[in-house]
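Report on the structure
Spelled out from the first residue to the last, the chains are:
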Amino acid sequence: MKFQRRQLVAAMAGLMLGLSAGAASAMGGPSGAAVGMPAQGHIGEVIVNPYKIAPLTAIVRTGGYVVKNASVRVVPKKGGREIAYKVSDRQIRTHAGIPIAGLYADYLNTVEVSYTRVSADGKSEDFTDRLQFYAPPVFSISNGMPGQQRMFNVEVNKVDPGFEDRLYLVNSQLIPMAPQGARFVWNNPAGGALEWTINSQIGIIDTAGDVRWYLLNDLINDQSDPWTSGLMMGFQQTKDGALTWGFGQRWVKYDLMGREIFNRKLPPTYADFSHAYDNAENGHSFLRVSMADYRRGDDKRVHTVRDVIIEVDPDGGVVDDFRLYDILDPYRDTLIKALDQGAVCLNIDPAKAGQTLSAADLANMDKSDKFGDIPGTGPGRNWAHVNSIDYDPTDDSIILSARHQGIVKIGRDHQVKWILASPVGWKKGLAERVLTPVDKNGKPIKCEGSKCEGDFDWTWTQHTGWKVRSELSKGDVIYISAFDNGDARGMEQPALPEMKYSRAVVYKVDQKKMTVEQVWEYGKERGHAWYSPVTSLTEYYGDKDSIMVYSATAGAEFDWKTFSYTKFPSPVIDEFKWLAKEPSVEIILHGAEGYQAFPFDVKKAFHP
């Protein structure tokens, strides 16, 4: 028996040696035998994570054939959600095979691919292959805190019929900062927001609560390098199905498979991208940045903070910029003095909870030459904090959400068209641009200072101010959606922090009459539990005639003495049918530091 085993081992060793020699010959010269690679179906092999940054994707290679007319179906788990889409021939040529997205992590996936295969002799055959292959667990960067569990801990509360197929892209961030970040500051000129180098967590979940895609972003977002560090923000799905976003000193575009379309450094005139990236109908893109070198009226040179919009063409050239310190009033301090200094995005410091700034504090700040991403007035401080941009092609203008000022529309001539904000504190020339609140009959609502009768309210430290793109917005009348975070509501801090609440809100703006009507709100009834002091989103989606709402930092409690959460945020995704009182979808993401989330269309990603 021992002799037989030795013979078998020797025979196997010889066989392996022969295979190795054959492979070496094939690789080393034209006379060697062809080397095949394993394929499950009728074309080529499966390559998982082909571009290194999207681990829940794969490509089925063409195997040397011409492949066309493809479609993909990722077979759902029991109780899970199907992902199915058609693949354009352009996508097959681009990826050298059939692209697959929507795999389950740490799971032996089953994927059906249908296609037409054309051989060298012109023979055309249709096939449907059932493939099985494993995708590894989700990798999540750790921030070194004991409360962190995973990328997304998802609780699905409600999904009404007609919304089961929703996929949501979730843009979260690791706060506090991961140890390798926050090592840089601008010091010549002074100020800026470079120190906000925080790791991001980007993923797509389905309505069963499963992660179906995520970005392995540390390969392109190195927090130890000032030119590639920074929060990933401003995600938007483009018309061709790809994703655009920015971080720190860069703006980028990648497709869902992880293929780089472009990765650009900001022109040296500008710095510090964050929050907002809008792909406009005119073919250009609008980015929220800062001025890298600005000489103030007092001759001081500074980096400005979150107060410049640049318009870039498809080649990356800057065709226009909107310098808000010249367009608005950087010294309007009414809201800044009312802000809770424990929740001034991004400088969240609960040690200062409930504290506000006085006029003397602002004056002393100016005398001290203290600049940077701090709440204050004047260029070089966080006086505006723009967090969304929306281009309106009907009059070639942009709508901005400036957290510390209000929602503002600005024309191509850089003149303010209207302001949706409390009328308190605006200087002459801007005060006349503030919209007048009216009821459903068009009659003015009685207001005193920053408070109005009835249900009407302005937004307070809002995030997002976007035009509702539906048939309702036409001519001089447009609808605006916003997430009203609610800090400093009524230009004051409440007696108790538990009295704060947030709202999703939709307004009807008559741009000719200069009036605003509040037509829908949600969130007041949920009270402090739904309150998000920072971040969040409200946006209309035409495919389901719905309003997507993300209360992104609800439920957070943080102890800065131990530098740890006593209660992690639990962002809430709610999606409503147009103006409905109750959501059709509610999903809670426990333990995630949310920024924004939105429905993602996987069919659009592969069909162009």
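Our structure's up above, just so we're on the same page.
In what follows, the accompanying structure is described. (Residues numbered from 1 in each chain as written. Predicted model: local features only at pLDDT ≥ 70, side-chain atom pairs only at ≥ 80, totals over all residues. Heavy atoms only, no water.)

1. Details of empty space enclosed by the protein
In this approach a probe as big as a water molecule rolls over the atoms, and the regions it shows empty are the leftover space. Note the cut-off: Throughout, the protein atoms alone are placed on a 1 Å grid, and a set of points is a cavity if a 1.4 Å probe fits but cannot get out or a pocket if it is open with protein on both sides within 12 Å along at least five of seven lines; lining residues have an atom within 4 Å of a point. Grid points are joined across faces, edges and corners, and a volume is the space filled by probe spheres set on the points. Ten residues, namely Ala, Val, Leu, Ile, Met, Phe, Trp, Tyr, Cys and Pro, are considered nonpolar, four, namely Asp, Glu, Lys and Arg, are considered charged, and the remaining ones, Gly among them, are considered polar.
Per the stated rule, a full pass over the model turns up six cavities of 30 Å³ or more. The calculated volume of the largest cavity comes to roughly 110 Å³. Together, 14 residues line the largest cavity, and Ala193, Trp196, Gly248, Phe273 and Ser274 are the ones closest to its centre. Here the residues of the lining of the largest cavity are counted per class, giving six nonpolar, six polar and two charged.

2. Quick look at the pairing of strand 26 (residues 397-402)
For a regular strand, side-chain orientation follows a simple rule: the groups alternate between the two sheet faces. As a reminder, the rule being used: A 1.4 Å probe rolled over the protein chains alone gives each residue an accessible area, and that area as a share of the maximum for its type sets the label: buried under 20%, exposed over 50%, partly exposed in between. Only DSSP runs of H or I covering at least 4 residues are called helices, and only runs of E covering at least 2 are called strands; the numbering of each starts at the N terminus. Two strands pair under a simple rule: DSSP has to find at least two bridges between them.
Strand 26 sits mainly inside the fold: six of its six residues count as buried. Both faces of strand 26 are covered, namely the face carrying Ser397, Ile399 and Ser401 and the face carrying Ile398, Leu400 and Ala402. As judged from the six bridges shared by strand 25 (residues 386-392) and strand 26, these two strands associate in the antiparallel manner. Bridge assignment links Asp390 to a residue of strand 26, and that residue is Ile399. Linkage of strand 25 to strand 26, two consecutive antiparallel strands, is achieved through a turn of four residues, within which Asp396 is found at a positive phi near 55°. Note that strand 26 and strand 27 (residues 406-411) share six bridges and pair antiparallel. Looking at the pairing, Ser397 lines up with Gly411 of strand 27. Hairpin remark: strand 26 followed by strand 27, antiparallel, with three residues in the connecting loop.

3. Re the state of the cysteines
In plain terms, the rule: In this description, the term disulfide denotes a pair of cysteine sulfurs within 2.5 Å.
Scanning the model with the defined rule gives one disulfide in all. Covalently, Cys447 is tied to Cys452 through a disulfide, its sulfur atoms 2.0 Å apart. Negative torsions about the S-S bond denote left-handed disulfides, and the value of about 105° found for Cys447 with Cys452 makes this one right-handed.

4. Concerning the sheet that holds strand 41 (residues 585-590)
Sheets are built from strands that pair by backbone hydrogen bonding, the pairs being arranged parallel or antiparallel. Applicable threshold: Note on geometry: axes are C-alpha line fits, over the in-contact stretch for helices, and angles between N-to-C directions span 0 to 180 degrees.
One open sheet holds the five strands; their spatial order is 8-41-40-37-36, and the pairing between them is antiparallel. Among the strands making up the open sheet, the edge pair consists of strand 8 (153-159) and strand 36 (537-541). Taken pair by pair, the neighbouring strands of this sheet meet at an average axis angle of 15°, ignoring direction. Bridge analysis of strand 37 (residues 546-551) against strand 40 (residues 572-577) gives six bridges, and the strand direction is antiparallel. Paired with Tyr550 across the two strands is Ile573, which belongs to strand 40.

5. Let's talk about the packing of aromatic side chains
Applied cut-off: Only Phe, Tyr and Trp rings are paired, with Trp represented by its six-membered ring, and only when their centres lie within 6.5 Å; those with planes under 30 degrees apart are stacked, over 60 edge-to-face, the remainder tilted. Here, a charge over a ring means that NZ of Lys or CZ of Arg falls within 6 Å of the ring centre while also lying within 35 degrees of the ring normal.
Counted according to the given criterion, the structure contains 17 aromatic pairs. Seen from their ring centres, Trp186 and Trp227 are 6.1 Å apart, and the 55° between their planes marks the pair as tilted. Here the residue Trp186 occupies a position in strand 10 (residues 186-187), and Trp227 occupies one in the loop between strand 13 (211-214) and strand 14 (233-237), the gap between them amounting to 41 residues. A relative accessible area of 38% places Trp227 in the partly exposed class. Measuring from ring centre to ring centre gives 4.7 Å for Phe235 and Trp245, while their planes differ by 15°; the resulting arrangement is stacked. In this pair, Phe235 is assigned in strand 14 and Trp245 in strand 15 (residues 243-247), connecting sequence segments 10 residues apart. We classify Phe235 as buried; its relative accessible area is 7%. Three or more aromatic residues joined by ring pairs form one cluster here, namely Phe483, Trp520, Tyr522, Trp530 and Phe576. The ring centre of Tyr107 lies 4.8 Å from the NZ or CZ of Lys77, which sits over that ring.

6. Remarks on the nonpolar core
Test applied: Buried Ala, Val, Leu, Ile, Met, Phe, Trp, Tyr and Cys residues form a nonpolar core when they are joined through side-chain atoms within 4.5 Å. By definition, residues are in contact when any of their heavy atoms lie within 4.5 Å.
Membership of the largest hydrophobic core comes to 69 residues, with the highest contact counts inside it found for Ile98, Ile100, Trp245 and Ile573. When neighbours within four sequence positions are excluded, Ile100 is seen to be in contact with Leu56, Thr57, Ala58, Val60, Val72, Val74, Tyr85, Val111, Val113, Phe133 and Met257. With 43 residues, the next largest nonpolar core counts Ala280, Val289, Ala384 and Leu400 among its residues.

7. Here's the deal with the pattern of salt bridges
Proximity of charged atoms lets side chains of opposite charge pair with each other. Inclusion rule: A side-chain nitrogen of Lys or Arg and a carboxyl oxygen of Asp or Glu constitute a salt bridge if their distance falls within 4 Å.
Throughout the structure, instances matching the rule amount to 40 salt bridges. Its salt-bridge partner being Arg412, residue Glu311 comes within 2.6 Å of it at the nearest N-O pair. In this pair, Glu311 is assigned in strand 23 (residues 308-312) and Arg412 in the loop between strand 27 and strand 28 (416-420), connecting sequence segments 101 residues apart. Residue Asp574 is joined to Arg526 by a salt bridge in which the shortest nitrogen-to-oxygen separation is 3.5 Å. Taken together, the residues span a long stretch of sequence, with Asp574 in strand 40 and Arg526 in the loop between strand 35 (515-522) and strand 36 at a distance of 48 residues. Since its relative accessible area comes to 0%, Asp574 is described here as buried. Members of the salt-bridge network, linked through shared partners, are Arg296, Asp298, Lys300, Asp366, Asp369 and Arg381.

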